[in-house]
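# Coordinate analysis (summary)
One-letter residues, chain by chain:
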Amino acid sequence: MTFPGTRPIHGDTVHISVGTTLLVFTGSITCQGVLEDGRGFVELTLPDADPEQRRLLECSTCYQWDLHRGGGILYSSPYLALHSTRGSGNGSLVVKGSPTSAPEPEPA
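Model, not experiment: these values are computed from the prediction.

## Points about the nonpolar core
- In terms of nonpolar packing, the biggest core is built from 18 residues, with V14, I16, F25, L44, L46, L57 and W65 touching the most fellow members.
- Breaking this core down by element, the ones donating at least two residues are β1 (9-18), β2 (21-36), β3 (39-46), β4 (62-69) and β7 (93-99).
- The greatest single-element share of this core, amounting to 4 residues, is contributed by β2.

Here's what the structure looks like:
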């Protein structure tokens, strides 16, 4: 899929792949493209995360996610390099990333 526009996309479930780990969040979830200093980023706003999931996301270097609503897929992100994470005023976690190439497979 293409990079999302600046108009928010609202979903109820997101599957985030971080390496070989799959994180699933449910609740009010939003993704939105943002421009900052001429660079394109995508922000994913998640409901308050389990502390372990939050740490995993904050320590990741590359991730990818699929946003769903009502069982259907709304948006599938490209691989993203983590740019920043922050908490919002309502306790949500906002993860910001920029497109990157697929990660190298881990050695066997």
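From this point, things continue past the structure.
## Some words on the pattern of salt bridges
- If you walk through the whole model with that rule in mind, you get 4 salt bridges.
- A salt bridge links E43 to K96, with the nearest nitrogen and oxygen atoms 3.9 Å apart. Placement of E43 in strand β3 and of K96 in strand β7 is noted, with a sequence separation of 53 residues between them. Both residues of the pair, E43 and K96, count as buried.

## Regarding the side chain of T13
- Within the fold, T13 resides in strand β1.
- There is a polar contact of 3.3 Å between the side chain of T13 and the side chain of D12.
- With residues near it in sequence (within four places) discarded, T13 still touches V24, F25, T26, I29, D66, L67 and H68.

## What to know about the packing of aromatic side chains
- Scanning all chains against the criterion turns up 1 aromatic pair.
- Ring centres of W65 and Y75 lie 5.4 Å apart, and the angle between their planes is 50°; on these two criteria the pair is classed as tilted. With W65 in strand β4 and Y75 in strand β5 (residues 72-76), the pair connects residues that are 10 residues apart, well separated along the chain.
- Using a relative accessible area of 1% as the deciding quantity, one classes W65 as buried.

## Re the pairing of β2
- Relative to β2, β1 runs antiparallel, the two being bridged by 9 bridges. From the neighbouring strand, I9 faces β2, where its bridge partner is C31.
- What sits between the antiparallel neighbours β1 and β2 is a turn of 2 residues, in which G19 has the positive phi angle 65°.
- Inspection of the sheet shows β2 paired to β3 by 7 bridges, in the antiparallel sense.

## Focus on the state of the cysteines
- Taken as a whole and judged by the stated rule, the model has 0 disulfides.
- Free of any disulfide, C31 has its nearest cysteine sulfur in C62, 17 Å distant.
- Free of any disulfide, C59 has its nearest cysteine sulfur in C62, 15 Å distant.
- A relative accessible area of 64% means that C59 is categorised as exposed.

Parameters and conventions
- Residues numbered from 1 in each chain as written.
- Predicted model: local features only at pLDDT ≥ 70, side-chain atom pairs only at ≥ 80, totals over all residues.
- Heavy atoms only, no water.
- Core = buried A, V, L, I, M, F, W, Y, C linked by side-chain atoms within 4.5 Å.
- Buried < 20%, exposed > 50% of the residue type's maximum accessible area, 1.4 Å probe, protein only.
- Helix = DSSP H or I, 4+ residues; strand = E, 2+ residues; numbered from the N terminus.
- Salt bridge = Lys/Arg side-chain N within 4 Å of Asp/Glu carboxyl O.
- Polar contact = N/O pair within 3.5 Å; in protein donor to acceptor, adjacent residues only side chain to side chain.
- Contact = heavy atoms within 4.5 Å.
- Phe/Tyr/Trp six-rings, centres within 6.5 Å; stacked < 30°, edge-to-face > 60°.
- Pairing = 2+ DSSP bridges.
- Disulfide = S-S within 2.5 Å.

All we've got here are geometric facts, nothing functional implied.
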